[in-house]
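Okay, here's what each chain looks like letter by letter:
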Amino acid sequence: MVINLKILFKNKTKYTKETYKQFVEFHSNQYNFQYTLFNIIIIALILFCIILQITYKYYSIAIFTCIIFTCFCLYRYFHPISVVSKELKGKTIAEEKSFTFKFYEKCFKVTDNLVSNTVKYYKLHRAFETKDFFYLYLDKTHAFIINKGNFSIGKPTDFSEFIKKKCFLRYKKVK
């Protein structure tokens, strides 16, 4: 399907610890406000439930709600830390895998040494451009990292215009 199409852009990006840390920092800057706001709303609701249960002297339900509150807080704090830790220890980052991205008119192909996947542009959740990278998000947490300095076909400025058209209203340039 993709083999007979013309390659518009080609990029080979190596996923290193430094690259991943830059992505995590970028991701935190982009989504930290939403994450924190969600946490505050849920914590306020749980605390309201606890106060309500104590007011009506339902102490066993209040204790149970306190346990839920503690579990929620621990999960929301430790889960992101464990995800980042697992990714850093995973094969992709630990072995510094390289991914080749070939961009066509209707889709793009991501290839490492063993596996090749095709992604249609409409399936991208968001696309961000920074000074050094393009981040093509598949969902709210998973993204392809594309190094601007590694284009072998095409230029980053042309790719920026191309991906902006493909991800209309989902593209953002971040300074």
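Everything here concerns the structure above.
About the cut-offs
- Counting from 1, residues in each chain are numbered in the order their sequence is written.
- Only residues with pLDDT of at least 70 are given local features in this predicted model, and only at 80 or more are side-chain atom pairs given and counted; all residues enter the totals for whole chains, interfaces and linings.
- Values reported for side chains reflect all heavy atoms of the structure, with hydrogen atoms and water molecules removed beforehand.
- Axis lines are fitted to C-alpha atoms, over the contacting stretch for helices. Their N-to-C directions set the angle, which ranges from 0 to 180 degrees.
- What counts as a helix is a DSSP run of H or I of at least four residues, what counts as a strand is a run of E of at least two, and both are numbered from the N terminus.
- Oblique is the label for every angle not falling under 35 degrees (roughly parallel), over 145 degrees (roughly antiparallel), or within 65 to 115 degrees (roughly perpendicular).
- Asp, Glu, Lys and Arg are counted as charged, while Ala, Val, Leu, Ile, Met, Phe, Trp, Tyr, Cys and Pro are counted as nonpolar; the rest, among them Gly, fall into the polar class.
- A pair of strands is treated as paired once DSSP finds two or more bridges between them.

Engineer: Just checking my understanding: could you explain the packing of helix α1 (residues 17–55) against helix α2 (residues 59–89) for this structure?
Structural biologist: Describing two packed helices takes the angle between their axes plus the distance from one axis to the other. α2 packs onto α1 with a crossing angle of 180 degrees between their chain directions and a minimal axis gap of 11 Å. Regarding the angle of α1 to α2, the classification is roughly antiparallel. Grouping the amino acids of the contact of α1 with α2 by side-chain chemistry returns 23 nonpolar, three polar and three charged.

Engineer: Teacher, can you tell me more about the environment of K109 here?
Structural biologist: With respect to the helices and strands, the residue K109 is situated in strand β3 (residues 107–111). Considered as a pair, K109 and H125 are 16 residues apart in the sequence and their alpha carbons are 17 Å apart.

Engineer: Can you walk me through the pairing of strand β2 (residues 98–103) in this structure?
Structural biologist: Within a regular beta strand, the side chains point alternately toward one face of the sheet and then the other, so they alternate between its two faces. Inspection of the sheet shows strand β1 (residues 9–14) paired to β2 by six bridges, in the antiparallel sense. Within β2, the residue paired with K12 across the bridge is T100. Sheet analysis places β2 next to β3, joined by four bridges and oriented antiparallel. Bridge assignment links F101 to a residue of β3, and that residue is V110. Counting the residues that bridge the hairpin from β2 to β3 gives three residues.

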